[in-house]
Amino acid sequence: MSNVLKKSGKEIHAAWARDLASNQAGTKGRISTNELDQQTSEFMQLLTAVSEHAKGADISGPDFKAIRDFLDGVSRSRVQQGFSSDETAMFIFSLKKPYFAALRSDAGKDADALADQIWKATELMDALGIHTVKAYQKSREEVINRQQREMLELSTPVVKLWDGILAIPMIGTLDSARTQVVMETLLQKVVETGAQIAILDITGVPTVDTLVAQHLLKTVTALRLMGAECIISGVRPQIAQTIVHLGVDLQGVVTKANLADALALALKRTGTSLKS
Amino acid sequence: MEHIPILRMGEFLLVSIQVDMHDQMALKLQDDLSNAIQKNASRGVLIDISTLEMVDSFIGRMVADISGMGRILGAETVLVGMQPAVAITLVELGLALPGVATALNVERGMALLRRKIDGVGSDADSITTG
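Residues numbered from 1 in each chain as written. Chains lettered and ligands numbered in written order. Predicted model: local features only at pLDDT ≥ 70, side-chain atom pairs only at ≥ 80, totals over all residues. Heavy atoms only, no water.

Residues and elements named next belong to chain B. In spatial order, the strands read β1-β2-β3-β4-β5; together these five strands make up an open sheet with mixed pairing. Each edge of the sheet is formed by a strand with only one pairing partner; in this case those strands are β1 (6-9) and β5 (101-103). In this sheet, neighbouring strand axes are inclined to one another by 25° on average, regardless of whether the strands run parallel or antiparallel. Two strands pair when backbone bridges link them, and β1 and strand β2 (residues 12-16) are joined in this way by four bridges, in the antiparallel orientation. From the neighbouring strand, arginine 8 faces β2, where its bridge partner is leucine 13. Taken strand by strand, helix α1 (residues 23-40) contacts β1, β2 and β3 (44-48), and its axis lies near 160° from that of β2. (Pairing = 2+ DSSP bridges. Helix = DSSP H or I, 4+ residues; strand = E, 2+ residues; numbered from the N terminus. Axes fitted to C-alpha atoms, helices over the stretch in contact; angles between N-to-C directions. Contact = heavy atoms within 4.5 Å.)

The structure is reproduced here in C-alpha coordinates:
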(Lines give C-alpha, C1' and ligand atoms only; values in the text may rest on other atoms or scores of the structure.)
Protein backbone atom coordinates (compact mmCIF):
# COMPACT_ATOMS: atom_id res chain seq x y z
CA MET A 1 0.00 0.00 0.00
CA SER A 2 2.70 2.42 1.02
CA ASN A 3 4.82 1.32 -1.94
CA VAL A 4 2.18 2.29 -4.40
CA LEU A 5 1.67 5.64 -2.72
CA LYS A 6 5.36 6.33 -2.81
CA LYS A 7 5.90 5.11 -6.32
CA SER A 8 2.94 6.59 -8.09
CA GLY A 9 1.92 9.23 -5.59
CA LYS A 10 2.38 11.96 -8.18
CA GLU A 11 0.10 10.31 -10.73
CA ILE A 12 -2.54 9.56 -8.12
CA HIS A 13 -2.41 13.13 -6.92
CA ALA A 14 -2.71 14.53 -10.42
CA ALA A 15 -5.67 12.32 -11.30
CA TRP A 16 -7.36 13.05 -7.99
CA ALA A 17 -6.94 16.79 -8.36
CA ARG A 18 -8.35 16.57 -11.90
CA ASP A 19 -11.36 14.58 -10.69
CA LEU A 20 -12.01 16.97 -7.84
CA ALA A 21 -11.76 19.99 -10.09
CA SER A 22 -14.22 18.56 -12.60
CA ASN A 23 -16.59 17.31 -9.88
CA GLN A 24 -16.62 20.62 -8.15
CA ALA A 25 -17.21 22.63 -11.31
CA GLY A 26 -20.63 23.57 -9.98
CA THR A 27 -19.17 24.89 -6.79
CA LYS A 28 -16.79 27.23 -8.48
CA GLY A 29 -15.97 30.41 -6.67
CA ARG A 30 -16.28 28.95 -3.21
CA ILE A 31 -12.84 27.43 -3.26
CA SER A 32 -9.92 28.33 -5.50
CA THR A 33 -7.98 25.78 -7.55
CA ASN A 34 -4.91 26.85 -5.66
CA GLU A 35 -6.44 26.13 -2.31
CA LEU A 36 -7.79 22.80 -3.48
CA ASP A 37 -4.41 21.88 -4.88
CA GLN A 38 -2.73 22.76 -1.62
CA GLN A 39 -5.21 20.65 0.33
CA THR A 40 -4.84 17.62 -1.94
CA SER A 41 -1.04 17.71 -1.94
CA GLU A 42 -0.93 18.10 1.84
CA PHE A 43 -3.31 15.18 2.23
CA MET A 44 -1.22 13.04 -0.12
CA GLN A 45 1.86 13.79 1.92
CA LEU A 46 0.15 12.93 5.17
CA LEU A 47 -1.34 9.75 3.72
CA THR A 48 1.98 8.60 2.34
CA ALA A 49 3.66 9.27 5.67
CA VAL A 50 1.03 7.50 7.68
CA SER A 51 0.63 4.48 5.39
CA GLU A 52 4.21 3.45 6.04
CA HIS A 53 3.50 2.21 9.53
CA ALA A 54 -0.27 2.00 9.57
CA LYS A 55 -1.66 -1.48 9.84
CA GLY A 56 -5.43 -1.56 9.80
CA ALA A 57 -8.09 0.97 9.15
CA ASP A 58 -8.22 2.13 12.74
CA ILE A 59 -7.60 5.84 12.42
CA SER A 60 -8.03 6.70 16.09
CA GLY A 61 -4.40 6.01 16.95
CA PRO A 62 -1.68 8.62 17.51
CA ASP A 63 -0.18 7.86 14.08
CA PHE A 64 -3.23 9.36 12.47
CA LYS A 65 -3.36 12.48 14.60
CA ALA A 66 -1.85 14.71 11.92
CA ILE A 67 -4.20 13.45 9.24
CA ARG A 68 -7.22 13.73 11.54
CA ASP A 69 -6.36 17.30 12.42
CA PHE A 70 -5.89 18.11 8.78
CA LEU A 71 -9.30 16.65 7.87
CA ASP A 72 -10.90 18.54 10.76
CA GLY A 73 -9.46 21.73 9.35
CA VAL A 74 -10.66 20.94 5.83
CA SER A 75 -14.17 20.11 7.07
CA ARG A 76 -14.33 23.30 9.08
CA SER A 77 -13.35 25.42 6.11
CA ARG A 78 -15.84 23.53 3.94
CA VAL A 79 -18.61 24.40 6.43
CA GLN A 80 -17.65 28.05 6.32
CA GLN A 81 -17.53 28.02 2.53
CA GLY A 82 -21.04 26.60 2.42
CA PHE A 83 -20.33 23.15 1.03
CA SER A 84 -22.84 20.39 1.63
CA SER A 85 -21.92 17.24 3.54
CA ASP A 86 -21.74 15.05 0.42
CA GLU A 87 -19.51 17.54 -1.34
CA THR A 88 -17.24 17.49 1.68
CA ALA A 89 -17.21 13.68 1.81
CA MET A 90 -16.38 13.51 -1.90
CA PHE A 91 -13.08 15.14 -1.13
CA ILE A 92 -11.86 11.85 0.28
CA PHE A 93 -14.01 9.40 -1.67
CA SER A 94 -12.94 10.75 -5.04
CA LEU A 95 -9.42 9.64 -4.19
CA LYS A 96 -10.52 6.03 -4.46
CA LYS A 97 -10.66 5.89 -8.22
CA PRO A 98 -7.11 7.04 -9.03
CA TYR A 99 -5.76 5.18 -6.00
CA PHE A 100 -7.35 1.90 -7.02
CA ALA A 101 -6.18 2.38 -10.58
CA ALA A 102 -2.63 2.74 -9.32
CA LEU A 103 -3.00 -0.34 -7.15
CA ARG A 104 -4.24 -2.27 -10.15
CA SER A 105 -1.40 -1.35 -12.39
CA ASP A 106 0.97 -2.18 -9.54
CA ALA A 107 -0.50 -5.64 -8.84
CA GLY A 108 -0.50 -6.67 -12.48
CA LYS A 109 -2.09 -10.07 -12.94
CA ASP A 110 -2.14 -11.09 -9.27
CA ALA A 111 -5.86 -10.87 -8.60
CA ASP A 112 -5.66 -12.10 -4.99
CA ALA A 113 -3.10 -9.52 -4.01
CA LEU A 114 -5.07 -6.81 -5.79
CA ALA A 115 -8.30 -7.69 -4.02
CA ASP A 116 -6.47 -7.69 -0.73
CA GLN A 117 -4.83 -4.36 -1.41
CA ILE A 118 -8.05 -2.76 -2.56
CA TRP A 119 -9.92 -3.98 0.49
CA LYS A 120 -7.31 -2.51 2.79
CA ALA A 121 -7.29 0.74 0.88
CA THR A 122 -11.06 1.04 0.78
CA GLU A 123 -11.29 0.38 4.51
CA LEU A 124 -8.87 3.19 5.19
CA MET A 125 -10.53 5.56 2.74
CA ASP A 126 -13.95 4.88 4.23
CA ALA A 127 -12.70 5.52 7.74
CA LEU A 128 -11.15 8.78 6.64
CA GLY A 129 -14.26 9.76 4.74
CA ILE A 130 -16.50 9.07 7.68
CA HIS A 131 -14.20 11.06 9.89
CA THR A 132 -14.52 13.97 7.47
CA VAL A 133 -18.30 13.85 7.56
CA LYS A 134 -18.24 13.61 11.34
CA ALA A 135 -15.99 16.63 11.57
CA TYR A 136 -18.25 18.43 9.10
CA GLN A 137 -21.29 17.72 11.22
CA LYS A 138 -19.51 18.79 14.39
CA SER A 139 -18.53 22.09 12.83
CA ARG A 140 -22.09 22.62 11.64
CA GLU A 141 -23.43 21.95 15.13
CA GLU A 142 -20.94 24.41 16.55
CA VAL A 143 -22.21 27.04 14.12
CA ILE A 144 -25.81 26.34 15.10
CA ASN A 145 -25.03 26.45 18.81
CA ARG A 146 -23.20 29.72 18.44
CA GLN A 147 -26.08 31.21 16.51
CA GLN A 148 -28.53 30.05 19.15
CA ARG A 149 -26.48 31.68 21.87
CA GLU A 150 -26.23 34.88 19.88
CA MET A 151 -29.95 34.88 19.30
CA LEU A 152 -30.60 34.54 23.02
CA GLU A 153 -28.37 37.50 23.71
CA LEU A 154 -29.77 39.57 20.89
CA SER A 155 -33.36 39.00 21.75
CA THR A 156 -33.30 40.17 25.34
CA PRO A 157 -32.26 43.79 25.63
CA VAL A 158 -33.51 45.57 28.74
CA VAL A 159 -34.00 49.27 28.06
CA LYS A 160 -34.47 52.04 30.54
CA LEU A 161 -37.46 54.14 29.54
CA TRP A 162 -37.52 56.55 32.43
CA ASP A 163 -36.09 56.92 35.85
CA GLY A 164 -37.25 53.78 37.63
CA ILE A 165 -39.01 52.36 34.58
CA LEU A 166 -37.54 49.50 32.56
CA ALA A 167 -38.90 47.97 29.39
CA ILE A 168 -38.08 44.67 27.78
CA PRO A 169 -39.29 44.28 24.20
CA MET A 170 -39.70 40.58 23.54
CA ILE A 171 -39.44 39.32 19.98
CA GLY A 172 -40.05 35.83 18.70
CA THR A 173 -41.56 32.75 20.23
CA LEU A 174 -41.12 32.40 23.95
CA ASP A 175 -39.91 29.01 25.14
CA SER A 176 -38.69 27.97 28.56
CA ALA A 177 -35.02 28.66 27.86
CA ARG A 178 -35.67 32.12 26.48
CA THR A 179 -38.07 33.08 29.25
CA GLN A 180 -35.46 32.01 31.75
CA VAL A 181 -32.89 34.31 30.15
CA VAL A 182 -35.40 37.15 29.93
CA MET A 183 -36.34 36.68 33.56
CA GLU A 184 -32.75 36.59 34.76
CA THR A 185 -31.58 39.62 32.79
CA LEU A 186 -34.64 41.61 33.76
CA LEU A 187 -34.40 40.80 37.47
CA GLN A 188 -30.68 41.53 37.46
CA LYS A 189 -31.33 44.86 35.80
CA VAL A 190 -34.02 45.69 38.33
CA VAL A 191 -31.48 45.14 41.10
CA GLU A 192 -28.86 47.25 39.33
CA THR A 193 -31.06 50.19 38.49
CA GLY A 194 -33.47 50.00 41.41
CA ALA A 195 -36.37 50.24 39.01
CA GLN A 196 -39.89 50.16 40.44
CA ILE A 197 -41.75 49.24 37.28
CA ALA A 198 -40.90 46.90 34.42
CA ILE A 199 -42.85 46.82 31.20
CA LEU A 200 -42.90 43.51 29.32
CA ASP A 201 -43.69 44.36 25.73
CA ILE A 202 -44.98 41.35 23.81
CA THR A 203 -45.70 43.11 20.51
CA GLY A 204 -43.12 40.90 18.80
CA VAL A 205 -44.39 37.64 20.24
CA PRO A 206 -46.33 35.90 17.48
CA THR A 207 -48.51 33.61 19.57
CA VAL A 208 -49.41 33.24 23.19
CA ASP A 209 -50.47 29.80 24.32
CA THR A 210 -50.96 28.51 27.83
CA LEU A 211 -47.26 27.75 28.21
CA VAL A 212 -46.16 31.22 27.12
CA ALA A 213 -48.79 32.78 29.38
CA GLN A 214 -47.46 30.70 32.24
CA HIS A 215 -43.92 31.88 31.51
CA LEU A 216 -45.10 35.48 31.51
CA LEU A 217 -46.90 35.00 34.80
CA LYS A 218 -43.77 33.51 36.34
CA THR A 219 -41.76 36.56 35.32
CA VAL A 220 -44.42 38.86 36.73
CA THR A 221 -44.51 36.95 40.00
CA ALA A 222 -40.72 36.96 40.34
CA LEU A 223 -40.69 40.70 39.78
CA ARG A 224 -43.38 41.20 42.38
CA LEU A 225 -41.41 39.14 44.88
CA MET A 226 -38.49 41.47 44.39
CA GLY A 227 -40.69 44.46 44.98
CA ALA A 228 -41.08 45.72 41.45
CA GLU A 229 -44.28 46.10 39.54
CA CYS A 230 -44.91 44.66 36.12
CA ILE A 231 -47.04 45.80 33.22
CA ILE A 232 -47.53 43.68 30.11
CA SER A 233 -47.95 45.76 26.99
CA GLY A 234 -48.40 45.13 23.30
CA VAL A 235 -51.24 42.66 23.63
CA ARG A 236 -52.67 42.38 20.15
CA PRO A 237 -56.40 41.75 19.62
CA GLN A 238 -55.65 38.24 18.35
CA ILE A 239 -53.64 37.45 21.46
CA ALA A 240 -56.29 38.91 23.76
CA GLN A 241 -58.84 36.62 22.10
CA THR A 242 -56.59 33.60 22.41
CA ILE A 243 -55.92 34.27 26.08
CA VAL A 244 -59.63 34.53 26.84
CA HIS A 245 -60.46 31.44 24.75
CA LEU A 246 -57.78 29.43 26.48
CA GLY A 247 -59.19 30.49 29.80
CA VAL A 248 -55.81 31.72 31.04
CA ASP A 249 -56.18 33.67 34.24
CA LEU A 250 -53.74 36.57 34.22
CA GLN A 251 -54.21 36.94 37.99
CA GLY A 252 -54.63 40.66 38.15
CA VAL A 253 -51.62 41.45 35.98
CA VAL A 254 -51.93 44.89 34.45
CA THR A 255 -52.04 44.63 30.67
CA LYS A 256 -52.11 47.39 28.07
CA ALA A 257 -52.59 47.37 24.32
CA ASN A 258 -49.45 49.31 23.55
CA LEU A 259 -46.21 50.49 25.05
CA ALA A 260 -47.32 54.15 25.16
CA ASP A 261 -50.26 53.36 27.42
CA ALA A 262 -48.04 51.24 29.62
CA LEU A 263 -45.49 54.03 29.91
CA ALA A 264 -48.24 56.53 30.76
CA LEU A 265 -49.46 54.26 33.52
CA ALA A 266 -45.93 53.65 34.77
CA LEU A 267 -45.24 57.39 34.91
CA LYS A 268 -48.45 57.90 36.85
CA ARG A 269 -47.48 55.17 39.31
CA THR A 270 -44.05 56.65 39.88
CA GLY A 271 -45.60 60.07 40.35
CA THR A 272 -44.06 61.67 37.29
CA SER A 273 -46.15 63.98 35.17
CA LEU A 274 -45.40 65.13 31.66
CA LYS A 275 -46.39 68.49 30.23
CA SER A 276 -47.49 68.43 26.66
CA MET B 1 -28.53 28.48 69.74
CA GLU B 2 -27.90 31.20 67.23
CA HIS B 3 -30.87 33.37 66.44
CA ILE B 4 -31.74 36.26 64.21
CA PRO B 5 -31.90 39.61 66.02
CA ILE B 6 -35.08 41.64 65.96
CA LEU B 7 -34.52 45.38 66.17
CA ARG B 8 -37.14 47.82 67.37
CA MET B 9 -37.35 51.18 65.68
CA GLY B 10 -40.28 53.16 67.00
CA GLU B 11 -43.42 51.43 65.98
CA PHE B 12 -41.58 49.21 63.51
CA LEU B 13 -39.58 46.03 63.90
CA LEU B 14 -36.60 45.32 61.71
CA VAL B 15 -35.38 41.84 60.92
CA SER B 16 -32.33 41.34 58.77
CA ILE B 17 -31.62 37.79 57.76
CA GLN B 18 -27.91 37.65 56.97
CA VAL B 19 -27.12 33.97 57.23
CA ASP B 20 -28.51 30.97 55.44
CA MET B 21 -31.36 29.97 57.65
CA HIS B 22 -31.98 26.44 58.71
CA ASP B 23 -35.37 25.24 59.72
CA GLN B 24 -34.89 25.51 63.47
CA MET B 25 -33.74 29.07 63.12
CA ALA B 26 -36.72 29.93 60.99
CA LEU B 27 -39.13 28.50 63.53
CA LYS B 28 -37.40 30.40 66.32
CA LEU B 29 -37.63 33.61 64.32
CA GLN B 30 -41.33 33.07 63.81
CA ASP B 31 -41.76 32.59 67.51
CA ASP B 32 -39.57 35.54 68.53
CA LEU B 33 -41.13 37.87 66.03
CA SER B 34 -44.73 37.18 66.96
CA ASN B 35 -43.83 37.70 70.63
CA ALA B 36 -41.96 40.91 69.83
CA ILE B 37 -44.87 42.29 67.82
CA GLN B 38 -47.18 41.73 70.74
CA LYS B 39 -44.77 43.03 73.36
CA ASN B 40 -43.93 46.24 71.52
CA ALA B 41 -47.36 46.71 69.99
CA SER B 42 -45.56 47.18 66.68
CA ARG B 43 -47.49 48.32 63.68
CA GLY B 44 -45.05 47.33 61.00
CA VAL B 45 -42.43 44.66 60.37
CA LEU B 46 -39.69 44.95 57.77
CA ILE B 47 -37.82 41.80 56.82
CA ASP B 48 -34.61 42.30 54.88
CA ILE B 49 -33.44 39.24 52.95
CA SER B 50 -30.96 40.97 50.67
CA THR B 51 -28.11 38.69 51.72
CA LEU B 52 -30.14 35.50 51.63
CA GLU B 53 -28.92 33.50 48.68
CA MET B 54 -30.63 30.21 49.16
CA VAL B 55 -34.22 29.38 49.91
CA ASP B 56 -36.17 26.19 50.00
CA SER B 57 -39.88 25.63 50.13
CA PHE B 58 -39.84 25.62 53.92
CA ILE B 59 -38.20 29.02 54.26
CA GLY B 60 -40.46 30.37 51.53
CA ARG B 61 -43.54 29.22 53.36
CA MET B 62 -42.20 30.52 56.63
CA VAL B 63 -41.82 34.00 55.19
CA ALA B 64 -45.41 33.86 54.03
CA ASP B 65 -46.47 32.63 57.46
CA ILE B 66 -44.67 35.43 59.28
CA SER B 67 -46.47 37.91 57.09
CA GLY B 68 -49.80 36.31 57.87
CA MET B 69 -49.08 36.24 61.61
CA GLY B 70 -48.06 39.89 61.52
CA ARG B 71 -51.31 40.85 59.91
CA ILE B 72 -53.33 38.98 62.50
CA LEU B 73 -51.41 40.77 65.26
CA GLY B 74 -52.12 44.08 63.57
CA ALA B 75 -48.69 44.72 62.02
CA GLU B 76 -48.06 45.21 58.33
CA THR B 77 -45.16 43.14 56.98
CA VAL B 78 -42.94 44.10 54.09
CA LEU B 79 -40.31 41.80 52.59
CA VAL B 80 -37.41 43.68 51.04
CA GLY B 81 -34.31 43.02 48.98
CA MET B 82 -35.05 39.62 47.50
CA GLN B 83 -32.30 38.50 45.13
CA PRO B 84 -33.20 37.53 41.55
CA ALA B 85 -32.07 33.95 42.07
CA VAL B 86 -34.22 33.63 45.17
CA ALA B 87 -37.23 35.12 43.39
CA ILE B 88 -36.83 32.70 40.49
CA THR B 89 -36.47 29.76 42.86
CA LEU B 90 -39.62 30.67 44.76
CA VAL B 91 -41.57 31.06 41.53
CA GLU B 92 -40.33 27.70 40.29
CA LEU B 93 -41.33 26.17 43.61
CA GLY B 94 -44.80 27.58 43.06
CA LEU B 95 -44.53 29.89 46.06
CA ALA B 96 -45.82 33.19 44.75
CA LEU B 97 -46.29 34.45 48.33
CA PRO B 98 -49.68 36.01 47.69
CA GLY B 99 -50.55 38.77 50.12
CA VAL B 100 -46.93 39.43 51.08
CA ALA B 101 -45.91 43.02 50.40
CA THR B 102 -42.50 43.39 48.80
CA ALA B 103 -40.09 46.21 48.06
CA LEU B 104 -36.78 46.46 46.30
CA ASN B 105 -34.71 47.79 49.20
CA VAL B 106 -35.00 48.87 52.82
CA GLU B 107 -35.63 52.51 51.93
CA ARG B 108 -38.54 51.69 49.65
CA GLY B 109 -39.77 49.13 52.13
CA MET B 110 -39.92 51.71 54.92
CA ALA B 111 -41.77 54.14 52.64
CA LEU B 112 -44.24 51.41 51.76
CA LEU B 113 -44.75 50.52 55.43
CA ARG B 114 -45.43 54.14 56.32
CA ARG B 115 -47.92 54.47 53.48
CA LYS B 116 -49.67 51.30 54.52
CA ILE B 117 -49.95 52.40 58.13
CA ASP B 118 -51.08 55.88 57.24
CA GLY B 119 -53.67 54.27 55.04
CA VAL B 120 -52.87 56.49 52.12
CA GLY B 121 -51.45 55.80 48.71
CA SER B 122 -53.61 52.78 48.10
CA ASP B 123 -52.65 53.09 44.43
CA ALA B 124 -49.03 52.37 45.19
CA ASP B 125 -50.05 49.40 47.26
CA SER B 126 -51.32 47.59 44.24
CA ILE B 127 -48.06 45.64 44.11
CA THR B 128 -49.23 43.69 47.09
CA THR B 129 -52.55 42.63 45.67
CA GLY B 130 -51.09 40.25 43.09
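All names here are of chain A. Counting buried residues in strand β4 (residues 229-233) gives five out of five residues, a clear majority hidden from the surface. Of the two faces of β4, both are covered, the one formed by Glu229, Ile231 and Ser233 as well as the one formed by Cys230 and Ile232. You can see the chain leave strand β3 (residues 197-204), run along helix α8 (residues 210-226) and come back into β4, and the turn it takes is right-handed. Sheet topology places β4 next to strand β5 (residues 254-255); two bridges connect them, and they run parallel. From the neighbouring strand, isoleucine 231 faces β5, where its bridge partner is valine 254. At this point the chain moves from β4, through helix α9 (residues 237-246), to the parallel β5, and the crossover so formed is right-handed. (Buried < 20%, exposed > 50% of the residue type's maximum accessible area, 1.4 Å probe, protein only. Right-handed = clockwise from strand over helix to strand, strands pointing away.)

The next thing to look at is the pattern of salt bridges. All names here are of chain A. Tallying each qualifying case throughout the model produces 11 salt bridges over all chains. Arginine 146 serves as the salt-bridge partner of glutamate 150, at 3.7 Å between the closest nitrogen and oxygen. Of this pair, glutamate 150 and arginine 146 both sit in helix α6 (residues 111-154), separated by four residues, roughly a single helical turn. Its relative accessible area of 39% is what places glutamate 150 among the partly exposed residues. Exposure remark for arginine 146: the relative accessible area of 41% places this residue in the partly exposed category. (Salt bridge = Lys/Arg side-chain N within 4 Å of Asp/Glu carboxyl O.)

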